[in-house]
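# Architecture and fold: a report
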Amino acid sequence: MSGIVLSASVRQNLLSLQSTADLLSTTQSRLATGNKVNSALDNPTNFFTAQGLNNRSSDINNLLDSIGNGVQVIQAANQGITSIQKLVDTAKSIANQALQASSGYSAKSSSTSSAALAGTAANLVDGTQIVAGDVLAVAASDANPAVSFTFTATTSLDDLNSALSASNLKATINGDNKLVITSTNNEAASSTIGAVTLTGTGTLAFAAPVAPTADADSQAARKNLITQFNQVIDQIKTTAQDSSYNGINLLNGDQLKLVFNETGKSTLTIQGVDFNPEGLGLSSLTAGTDFLDNNGTNKVLDSLGKASSLLRSQASAFGSNLSMVQIRQDFNKNLINVLQTGSSNLTLADTNEEAANSQALSTRQSIAVSALALANQSQQSVLQLLR
């Protein structure tokens, strides 16, 4: 107020008291908020730098949720692979049971001569039906490679069998004294041998090969194994379909893309695979066609082995991807902590220091009030004289 005149000493003490009050107000504000920089007015450089650090920390923190979902997607796929591998092992067990079962055929494929032999087991060559120089040939089949044998003047049944054994064939003389060529291939018991012919001057001929005779009980058992096998194949299909998380299924060919930083430049794309039975090279079996003999069963086992290799390889790939994602996830968490710590270092107040400042300023304020009172005493003395 312009009408009030203060002495120099009073005004000096008043200014000191006002300055102390301002400092005390600032200190109390810092203690109340915990920050030494609450707005750009307090410290523009620190305020905007801290704001930038906090914004980046917030952006990266928002990405952690999608990264966490990505981890779960990979783990769901990995669980699916683990279960499918167990199902493949179950299918292998069923196929091995088929291998251990009887051949499934009571009689193998054979071809019989049209006439009884004039020769004997000791010497098949009689000069009419079979003549020295004649060639016995058996055409190739699924289970037996082609073979040919040239008769000599003293060829015995044993000599013929020595040549036929390389093609999984055997020659015998039946009760009607006819020459019978029969398959000895137990692995391919369902196969029919190739046509048997005699070329040369001999007159012996052979009937068309006869298909093997199926054993009803054995084939029924194999049919039951096929039913079990197909059930496992169905479970492989549904397991692959169910290995999804949040709508993404890496076992159904879906793609997972993860973003690791706020600019979107750090990414990882994981391409899924088709691990339904077809994608694994597996298929359902058909009764009367599959598991007929060991050869057919071994083909199934080969396909199951390849499926296992695919599963193990992909499990390794997903494991590597999961490791990378978890490493980036941990890195982002640590980076958020670094950013938040840096922001705090720029803006947070030292509460111990501010508490000490508050106490010191309170003391200074009390002293200033006392000094102001002393400065006013001179004017009070003049008032006493006037009275």
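Residues numbered from 1 in each chain as written. Predicted model: local features only at pLDDT ≥ 70, side-chain atom pairs only at ≥ 80, totals over all residues. Heavy atoms only, no water.

### A few points about the packing of aromatic side chains
Definition in use: Under the pairing criterion, centres of Phe, Tyr and Trp rings, with the six-membered ring standing for Trp, must be within 6.5 Å; the plane angle then separates stacked pairs below 30 degrees from edge-to-face pairs above 60, leaving the rest tilted. A simple rule labels every residue: compare its accessible area, found with a 1.4 Å probe on the protein chains alone, to the largest value its type can have, and call it buried under 20%, exposed over 50%, or partly exposed in between.
Scanning the entire structure with this criterion turns up three aromatic pairs. Seen from their ring centres, F47 and F48 are 5.2 Å apart, and the 80° between their planes marks the pair as edge-to-face. Looking at F47, the relative accessible area reads 21%, which means it is partly exposed.

### Concerning the environment of T112
Test applied: Every helix listed is a DSSP run of H or I at least four residues long, and every strand listed is a run of E at least two residues long, numbered separately from the N terminus. What makes two residues a contact is simply this: any of their non-hydrogen atoms within 4.5 Å.
With respect to the helices and strands, the residue T112 is situated in strand β2 (residues 110-112). With 60 residues separating them along the chain, T112 and T172 place their C-alpha atoms 9.5 Å apart. Each residue touching T112, except ones within four places of it in the same chain, is listed here: N174, K178, L179, V180, A205, F206 and A207.

### Let's talk about the packing of helix α2 (residues 44-100) against helix α4 (residues 216-242)
What counts here: Angles shown run from 0 to 180 degrees and are taken between the N-to-C directions of axes, each axis being a line fitted to C-alpha atoms and, for helices, limited to the stretch in contact. Relative orientations are named as follows: roughly parallel for angles under 35 degrees, roughly antiparallel for angles over 145 degrees, roughly perpendicular for angles from 65 to 115 degrees, and oblique for any other angle. For this scheme, ten residues count as nonpolar: Ala, Val, Leu, Ile, Met, Phe, Trp, Tyr, Cys and Pro. Four count as charged, namely Asp, Glu, Lys and Arg, and the remainder, Gly too, count as polar.
One can describe the packing of α2 onto α4 by two numbers: an axis separation of 10 Å at closest approach and a directional angle of 170°. The angle between α2 and α4 places the two elements in the roughly antiparallel class. Side by side, α2 and α4 meet where G80, S83, I84, L87, V88, T90, A91, I94, Q97 and A98 of the first sit next to R222, L225, Q228, F229, V232, Q235, I236, T239 and A240 of the second. For the contact of α2 with α4, the per-class residue count stands at 11 nonpolar, seven polar and one charged.

### Topic: the pairing of strand β10 (residues 267-271)
Rules: We call two strands paired when DSSP finds no fewer than two bridges between them.
Side chains L268 and I270 of β10 all project onto a buried face; the interleaved residues T267, T269 and Q271 project onto a face where none is buried. Strand direction decides the pairing type here: strand β9 (residues 255-259) and β10, joined by five bridges, are antiparallel. Opposite V259, over in β10, you have T267 as the bridge partner.

### Some words on the layout of surface pockets
Where empty space is left can be seen by rolling a probe of water-molecule size over the atoms. Formally: Cavities and pockets were defined on a 1 Å grid built over protein atoms only: a cavity is a set of grid points that admits a 1.4 Å probe from which the probe cannot escape, a pocket is an open set flanked by protein on both sides within 12 Å along at least five of seven lines, and lining residues are those with an atom within 4 Å of any such point. Grid points are joined across faces, edges and corners, and a volume is the space filled by probe spheres set on the points.
Estimated volume of the largest pocket: approximately 200 Å³. Around the largest pocket, the lining residues are D142, A188, S190, S191, T289, D290, F291, L292, D293, N295, G296 and K299. For the lining of the largest pocket, the residue count by class is three nonpolar, five polar and four charged.

### Some words on unusual backbone geometry
The phi torsion at N168 lies on the positive side, around 55°, for a residue other than glycine. If you trace the backbone, N168 turns up in the loop between α3 (157-164) and β5 (169-173). Its identity as a non-glycine residue notwithstanding, N246 has a phi of 55°, on the positive side. With respect to the helices and strands, the residue N246 is situated in the loop between α4 and β9.

### Some points on the side chain of S111
Heads up, the rule is: Polar contact is defined as a pair of N or O atoms within 3.5 Å, subject to the rule that within protein one atom must be able to donate a hydrogen and the other to accept it, and that residues adjacent in sequence are counted only when both atoms are side-chain atoms.
You can see S111 is positioned in strand β2. Engagement of the side chain of S111 in a polar contact is seen with the backbone oxygen of A207, the distance being 2.7 Å. Excluding its chain neighbours within four sequence positions, the residues that come into contact with S111 are L179, V180, I181, I193, V196, F206, A207, A208 and P209.

### Comments concerning the sheet that holds strand β7 (residues 196-199)
Strand order in the open sheet formed by three strands is β4-β3-β7, with antiparallel pairing between adjacent strands. Every interior strand has two partners, whereas the edge strands, β4 (147-150) and β7, have only one. In this sheet, neighbouring strand axes are inclined to one another by 15° on average, regardless of whether the strands run parallel or antiparallel. Examined bridge by bridge, strand β3 (residues 135-138) and β7 share four bridges and lie antiparallel to one another.

### Here we look at the environment of D293
Residue position: D293 is located in the loop between β10 and α5 (294-347). Along the primary structure D293 and S102 are separated by 191 residues, whereas in three dimensions their C-alpha atoms are 8.7 Å apart. At a separation of 3.0 Å, a polar atom in the side chain of D293 contacts the main-chain amide nitrogen of G296.

### Looking at the sheet that holds β5
Backbone-to-backbone hydrogen bonds pair the strands of a sheet. The strands run either parallel or antiparallel. The three strands are arranged β2-β6-β5 in an open sheet whose pairing can be described as antiparallel. Each of the sheet's edge strands pairs with one partner strand only, and the pair in question is β2 and β5. Between one strand axis and the next, the sheet turns through 20° on average, direction left out of account. Here β2 runs beside strand β6 (residues 179-183); their pairing, made up of three bridges, is antiparallel. Within β6, the position partnered with S111 by the bridge is I181.

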